[in-house]
Amino acid sequence: MSKSQPKTIYLKDYSAPDYFIEKTELEFDLFEADTLVRSKLTIARNTAKPAAPLVLNGQNVELVSVAINGEVLSASDYTVDDVSLTISNLPDTFIFECVTKIQPQDNTSLEGLYKSRTMFCTQCEAEGFRKITYYLDRPDVMSVFTTKVIADKQKFPVLLSNGNEVGAGELDGGRHWVEWNDPFKKPAYLFALVAGDLINVDSHFTTQSGREILLRIFIEPKDKNKCDYAMQALKNAMRWDEDVYGREYDLDIFMIVAVDDFNMGAMENKGLNIFNTSCVLASPETTTDAGYQRVEGVVAHEYFHNWSGNRVTCRDWFQLSLKEGFTVFRDEEFSADMGSPTVKRVEDVSMLRSMQFAEDAGPMAHPVQPSSFIEISNFYTLTVYEKGAEVVRMIRTLIGAEQFRKGSDLYFERHDGQAVTIEDFVAAMADASGRDFSLFMNWYKQAGTPKLSAKGDYNAANKTFSLTLSQSCPPTPESQTKQPFHIPVAVALLGKEGALKLSLQGDVQASISADQQEAVLELTSSSQTFVFENVDEPPVPSLLRGFSAPVKLAYNYSREELGRIITLETDGFCRWDASQQYALLVIADVMAALVNEPAPAVDESLIEAYRTVLTNDALDPAMIALMLSLPSEDYIGDQQAIVDVDTIHHARNRVVRKIALSLHAEFLACYNKIHQELSAAPYSPDATSIAKRSLKNKALAYLVETGKPEAIELCKAQFEQSDNMTDTMAALTALVHSPKAAIADLKAACLAQAYGKWKEESLAVNQWFAVQATSPVPGALAVVESLMQHEAFDIRNPNKLRAVIGGFAMRNSINFHDRSGSGYAFLADQIIKLDSQNPQVASRLLTPLTRWKKYDEKRQQLMRDALQRILDKPGLSPDVYEVVTKSMVK
Ligand code: B3K
Ligand code: ZN
């Protein structure tokens, strides 16, 4: 099959491999022009299957020679095509050797072996190893790897691969070699190699059983002072995994290498994680609080994969969420424990609802365990990762923390060293808890976001409150009709003074917490009624506490009822969500009124609710900041059948401005108080300071919205005096995104000053690019086009592409969706250009165009025209081909 005829792969066609590779011995001879890869594989036929030819995967590799049991084969002994090498009539066990030639310096896809600036590095997940040498590049083929790396000693003093260093030496011509051995069997996707001129920062960790582990982060010398935070995060993650999951690290060394050019955040290669610099380097002057938290989260995520992914891996790529959903769940819980659990939960849910729900409603919607794909790279999605994590979270909610731990112990014990399925994971949870998860499996098998409708009925005479829960799920590409989901609905009933004690009538599938204030109701059919008894007053039900299931809740709350939840609920998620729902109602009123009048009034009760929240000293400042954040334009759009881009933008802005003007004094007092508190100590990315900064900068953003000269001055002062990136970027963003024409010169001056300061700091420059690309001020496209000509822009660097093109297309709705279609045409041009260079990045950046069905007819047509133009490009990559063809289906 050639790359121009993409083929669909189905889960139902899975078949065990015909051969196993017991031992893999590799030798890399790295040169500037060609790299030679010598591979020696000890192969055994899978005798459980009928004899079959050996078909090895290989792509963009030049075969130099091939031998079986030491005998060099002639061209007639094998066949080679674009994607494979086939040899027939082989004995049951044999040694396969081959030499391949590759050009990593020309590999712009950043998959396989490639060069990031001056260093060689690899990215093999999912199917990149086949771009290095011929191999059984599938996760259920696990092998022990030995890797010898040879290179020029001066240019590449550091030579790394997985496992432990087992030998090193000098060669003629200024070359040297290092050999590594990884004693743990692993699939090829976990293979890694690095060669570069790097320095290392070291530390140590003593495991719970007393083993001493060397922790080593490799960076460029200029970044020496930027790894302390990642190192501490790594140690925290190692300890946490021992404490919470009983998982200890296994090798004697754990290495992280930071590289500039990387398609995603990081990669969990065994013992040798490779990281995008943006997810490992951190310093107060270049990294925002959110950046610090991302470093902590990603370091932990990759570390946790050592068990959930590496020791127990996936049988095939349809099982991707086995490792990703579970590992995201683990990293979310870790970050929650390191900071504020409520804030973390709200942030995660907010992202899920605005982005994963849109994916579930779009043309690329797929189950957490997809049943088919053309290009697996397209399935590293919010659904597989974030929704996958929600599904694991629901398992824990249903069986409780203790049984969940028993289940994970059982899973790791049963399957250590194996490549398994999502069903194996759930079976371990079922066996440990004695619960039946057969209906629950629909969460893995069906795409789409279920709608959960709830209706409450209070009977004063019987003192009962009946809660009727119903579910439905819209059709998605893989299934038009849906089976019911097993939905855990965590509920509290709020009386006038707070949560009521709960008691349920009859024998229903539900559990009640020890303090009797929360019930987890299990909805397992299309509709069920749960009756609470001894309810002395009409309650307000607070539903989906902690966001107990990834569903869209429909309950007809009045503003008064939402107000009660905002004031009395102790569950932070529900409290925040009530404030979002309240704001949605107010924004919806303004949107409706905008049809008839240009400047409709804004419901004052929202202002009063915000005033109460803002002046509530008992609340965590981060929670206040979140509760004072209006729902995003994306989330508002998600509530509409056809997104009314302009009205959403104007209505939301109107509400923002009204809040800003009405609460001006409170915001100023809040700003000054926190600013003074924080100024007393140097910057620190601890949870308390982060929380305070988030509220301070929320207040600043509202102050700038007033457009008052003193607010602009305050913002300018923060920009100039700040000692940290969080405050600097908050001030710069508020100025650059302000619609006030009178401050155009100030914006330009601040941007110039910022660039002058950051031009040697690539990660800071990315943020400088993003703040401009995401500006809602008219004319962003012209700015974006000029940024792409800027000296600091680098079309090969995914971080730059994400900042500029991604910022514009994904985080600047009002400009990207300009009625003229200019945003769509621009994006199509970029995708066409990027497709041959880096298909993975191109395919990802394409997402906003795929959502055409959500827009008005004129925009639909313009978006489809843009998609068609992409499709017409000859030789389109399978990555982009899959997304475009699936999204064009009417
Ligand atoms: N497992 C990698 C993702 C690889 C993506 C390949 N296209 C990072 C992670 O999820 O930890
Ligand atoms: Zn992962």
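If you look the protein chain up in an unreviewed UniProt entry, it shows as Aminopeptidase N from Saccharophagus degradans. Comment text from UniProt for the protein chain, heading Catalytic activity (unreviewed entry), reads "Release of an N-terminal amino acid, Xaa-|-Yaa- from a peptide, amide or arylamide. Xaa is preferably Ala, but may be most amino acids including Pro (slow action). When a terminal hydrophobic residue is followed by a prolyl residue, the two may be released as an intact Xaa-Pro dipeptide." Of the comments in the UniProt record for the protein chain, the one headed Sequence similarities (unreviewed entry) reads "Belongs to the peptidase M1 family."

Another point: the overall build of the protein chain. Across its full length, the protein chain carries 27 helices and 32 strands. In summary, the protein chain has a C-alpha radius of gyration of 28 Å against a globular reference of 29 Å for 890 residues, a match within 12%. With the principal axes as the frame, the protein chain shows a C-alpha extent of 85 × 70 × 60 Å. Residues counted as buried form 59% of the 890 residues belonging to the protein chain.

This part is about the site of ligand 1. Near ligand 1 lie 13 residues; those nearest to it are Glu-125, Ala-266, Glu-268, Glu-302 and Tyr-385. The side chain of Glu-268 places a nitrogen or oxygen atom 2.8 Å from a nitrogen atom of ligand 1. Here an oxygen atom of ligand 1 sits 3.2 Å away from a polar atom, N or O, in the side chain of His-305. Here ligand 1 loses 94% of its free accessible area of 330 Å² to cover by the protein chains. Elements represented by at least two residues in the shell around ligand 1 include exactly β20 (266-267), α2 (289-304) and α3 (320-338). Here the shell around ligand 1 is composed, by residue class, of 5 nonpolar, 3 polar and 5 charged.

We now examine the UniProt feature "domain: Peptidase M1 membrane alanine aminopeptidase" (unreviewed entry) in the protein chain. The residues that UniProt annotates with the feature "domain: Peptidase M1 membrane alanine aminopeptidase" (unreviewed entry) are residues 229-443. Helix makes up 56% of residues 229-443 and strand 9%. Its end C-alpha atoms lie 37 Å apart.

On to the nonpolar core. Core analysis: the biggest nonpolar cluster contains 289 residues, and Phe-96, Tyr-444 and Phe-532 have the highest contact counts within it. With residues near it in sequence (within four places) discarded, Phe-96 still touches Ser-39, Lys-40, Leu-41, Ile-43, Leu-54, Leu-56, Val-66, Ala-67, Ile-68, Leu-85 and Ile-87.

Time to look at the domain arrangement of the protein chain. Examined at the domain level, the protein chain breaks down into domain 1 (1-197), domain 2 (312-445), domain 3 (451-484 + 486-555) and domain 4 (591-888). For domain 1 and domain 4, the distance between their C-alpha centres works out to 43 Å. Between domain 1 and domain 4, the contact holds 9 residues from the first and 10 residues from the second. Summing both sides of the interface, domain 1 and domain 4 together bury roughly 780 Å²; the carbon and sulfur share of this comes to 51%. At the junction of domain 1 and domain 4, the tally comes to 0 salt bridges. Our count for the contact surface shared by domain 1 and domain 4 stands at 4 residue pairs in polar contact (both at pLDDT 80 or more). Each residue belonging to the side of domain 1 that touches domain 4 can be placed in one class, and the counts come to 2 nonpolar, 4 polar and 3 charged.

Moving on to the state of the cysteines. This structure, assessed with the given rule, holds 0 disulfides. With no disulfide of its own, Cys-279 lies 14 Å from the sulfur of Cys-227, the closest cysteine sulfur. Overall, the relative accessible area of 0% leaves Cys-279 in the buried class.

Attention shifts here to the UniProt feature "domain: Peptidase M1 alanyl aminopeptidase Ig-like fold" (unreviewed entry) in the protein chain. Taking the numbering used here, the UniProt-annotated feature "domain: Peptidase M1 alanyl aminopeptidase Ig-like fold" (unreviewed entry) corresponds to residues 448-555. From the first C-alpha to the last, residues 448-555 spans 20 Å; its make-up is 0% helix and 44% strand.

Here we take up the packing of aromatic side chains. Here the structure, examined in full by the defined rule, presents 42 aromatic pairs. Relative to Trp-317, the ring of Tyr-189 lies with its centre 4.9 Å away and its plane at 70°, an arrangement referred to as edge-to-face. With Tyr-189 in the loop between β15 (175-186) and β16 (193-196) and Trp-317 in the loop between β22 (313-314) and α3, this pair connects stretches of sequence that are 128 residues apart. When the centroid spacing of 5.6 Å and the interplanar angle of 70° are considered together, the rings of Phe-254 and Tyr-303 count as edge-to-face. Taken as a pair, Phe-254 in strand β19 (residues 253-259) and Tyr-303 in helix α2 lie far apart in primary sequence, 49 residues in all. Linked through ring pairs, Trp-240, Tyr-245, Tyr-249, Phe-254, Tyr-303, Phe-304, Trp-307, Phe-326, Phe-334, Tyr-411, Phe-412 and Phe-425 together constitute an aromatic cluster. Lying over the aromatic face of Tyr-10, Lys-12 brings its terminal NZ or CZ to 4.3 Å of the ring centre. The aromatic ring of Phe-326 is capped on one face by Arg-330, whose charged end is 5.4 Å from the ring centroid.

On to the coordination of the zinc ion (ligand 2), then. For the zinc ion (ligand 2), the full set of protein donor atoms is His-301 (NE2), His-305 (NE2) and Glu-324 (OE), at a range of 1.9 to 2.0 Å. Written as a sequence motif, the donor residues of the zinc ion (ligand 2) are H-x3-H-x18-E. With His-301 in helix α2 and Glu-324 in helix α3, this residue pair connects regions lying 23 residues apart in the sequence. The residues His-301 and Glu-324 share a single accessibility class, namely buried.

This brings us to the environment of Asn-616. Inspection of the secondary structure puts Asn-616 in the loop between α10 (604-614) and α11 (621-627). Of the residues examined, Asn-616 reaches a relative accessible area of 23% and is grouped as partly exposed. Asn-616 sits 475 residues away from Val-141 along the chain, and the two C-alpha atoms are 58 Å apart. In this structure Asn-616 touches Arg-575 and Ile-624, once residues within four positions along its chain are discounted. Within polar-contact distance, the side chain of Asn-616 engages the backbone nitrogen of Ala-618 at 2.9 Å.

This next bit is on the pattern of salt bridges. Two side chains of opposite charge can pair, provided their charged atoms sit close to one another. Summed over the entire model, instances satisfying the criterion amount to 63 salt bridges. Across the pair Asp-603 and Arg-559 runs a salt bridge, and its minimum N-O distance is 2.7 Å. Residue Asp-603 is found in the loop between α9 (572-594) and α10, and its partner Arg-559 is found in helix α8 (residues 559-568); the two are separated by 44 residues along the sequence. A relative accessible area of 24% means that Asp-603 is categorised as partly exposed. Arg-559 gets classed as partly exposed once you look at its relative accessible area, which sits at 22%. A salt bridge links Lys-873 to Asp-835; the nearest nitrogen and oxygen atoms lie 2.8 Å apart. In this pair, Lys-873 sits in the loop between α26 (857-871) and α27 (878-888) while Asp-835 sits in helix α23 (residues 822-837), placing the two residues 38 residues apart along the sequence. The exposure class of Lys-873 is buried, given its relative accessible area of 16%. A single network of salt bridges, built from pairs that share partners, joins Glu-27, Asp-29, Arg-38 and Arg-175.

The next point concerns helix α13 (residues 645-662). With 18 residues, α13 extends 26 Å between its outermost C-alpha atoms, agreeing within 8% with the 26 Å of an ideal straight helix rising 1.5 Å per residue. Those residues of α13 that sit buried are Val-645, Asp-646, Thr-647, Ile-648, His-649, Ala-651, Arg-652, Val-655, Val-656, Ile-659 and Ala-660.

Right, let's get into the pairing of strand β5 (residues 62-68). Relative to strand β9 (residues 93-102), β5 runs antiparallel, the two sharing 6 bridges. Bridging from a neighbouring strand, Leu-63 pairs with Thr-100 of β9. The pairing of β5 with strand β6 (residues 71-72) spans 2 bridges and is classified as antiparallel. Paired with Ile-68 across the bridge in β6 is Glu-71. Count of turn residues in the β5/β6 antiparallel hairpin: 2 residues, of which Asn-69 carries a positive phi of about 45°.

One open sheet holds the 5 strands; their spatial order is β17-β18-β19-β21-β20, and the pairing between them is mixed. Of all strands in the sheet, those with a lone pairing partner are β17 (199-206) and β20, marking the two edges. Against the sheet, helix α1 (residues 228-245) engages β17, β18 (212-219) and β19, with an angle of about 25° to β17.

What follows covers helix α19 (residues 762-773). With 12 residues, α19 should reach 16 Å at 1.5 Å per residue; the first-to-last C-alpha distance of 16 Å fits that figure. Of all 12 residues in α19, 11 are buried, a share of seventy percent or more. Residues of α19 that are buried sit in contact with α17 (725-736), α18 (744-758), α20 (780-787) and α21 (798-810).

About the criteria used
Every chain's residues receive numbers from 1 upward, in the order its sequence appears when written. The lettering of chains begins at A and the numbering of ligands begins at 1, in the order of writing. Totals for whole chains, interfaces and linings use every residue, but because this is a predicted model, local features are given only for residues with pLDDT of at least 70 and side-chain atom pairs only at 80 or more, for both listing and counting. The side-chain numbers reported here are obtained from all heavy atoms of the structure, hydrogens and water having been left aside. UniProt positions are given in the numbering used here, feature names are shortened, and annotations may be inferred rather than shown by experiment. The numbering of helices and of strands both runs from the N terminus, where a helix is a DSSP run of H or I of at least 4 residues and a strand a run of E of at least 2. The globule rule used here is 2.2 Å times the number of residues to the 0.38 power, and the radius of gyration it is set against is calculated over C-alpha atoms. Burial status follows relative accessibility: with a 1.4 Å probe on protein chains alone, a residue under 20% of its type maximum counts as buried, one over 50% as exposed, and anything between as partly exposed. We call a residue near a given molecule or strand whenever any one of its heavy atoms falls within 4 Å of it. Pairs of N or O atoms are called polar contacts if they sit within 3.5 Å, as long as, within protein, a hydrogen donor faces a hydrogen acceptor (for residues adjacent in sequence, only side-chain-to-side-chain pairs). Here the accessible surface of atoms and residues is derived via Shrake-Rupley with a 1.4 Å probe, and residues count as covered only by protein chains that are part of the display. Polarity classes work like this: nonpolar for Ala, Val, Leu, Ile, Met, Phe, Trp, Tyr, Cys and Pro, charged for Asp, Glu, Lys and Arg, and polar for all others, with Gly in that last group. Definition of nonpolar core: a set of buried residues of the types Ala, Val, Leu, Ile, Met, Phe, Trp, Tyr and Cys, connected through side-chain atoms within 4.5 Å. Whether two residues are in contact is decided by their heavy atoms: any pair within 4.5 Å suffices. Domain borders in the structure are assigned automatically or taken from a domain database. Buried surface area refers to the total accessible area, computed with a probe of radius 1.4 Å, that the two partners give up upon joining, counted for both partners together. Whenever a carboxyl oxygen of Asp or Glu lies within 4 Å of a side-chain nitrogen of Lys or Arg, that contact is scored as a salt bridge. Disulfides are defined as pairs of cysteine sulfur atoms found within 2.5 Å of each other. By convention, a stacked pair of Phe, Tyr or Trp rings (six-membered ring in the case of Trp) has centres within 6.5 Å and planes under 30 degrees apart, an edge-to-face pair has planes over 60 apart, and any other such pair is tilted. By the criterion adopted, a ring carries a charge over it if an Arg CZ or a Lys NZ lies within 6 Å of its centre and within 35 degrees of its normal. Metal-coordinating donors are taken as N, O and S atoms lying within 2.8 Å of the metal, or within 3.2 Å when the metal is Na, K or Ca; because water is left out, some sites can appear incomplete. For a helix, the expected span equals 1.5 Å multiplied by the number of residues minus one. We treat two strands as partners when DSSP finds at least two bridges between them. Axes here refer to lines fitted to C-alpha atoms; in helices the fit is confined to the stretch in contact. Angles between the N-to-C directions go from 0 to 180 degrees.

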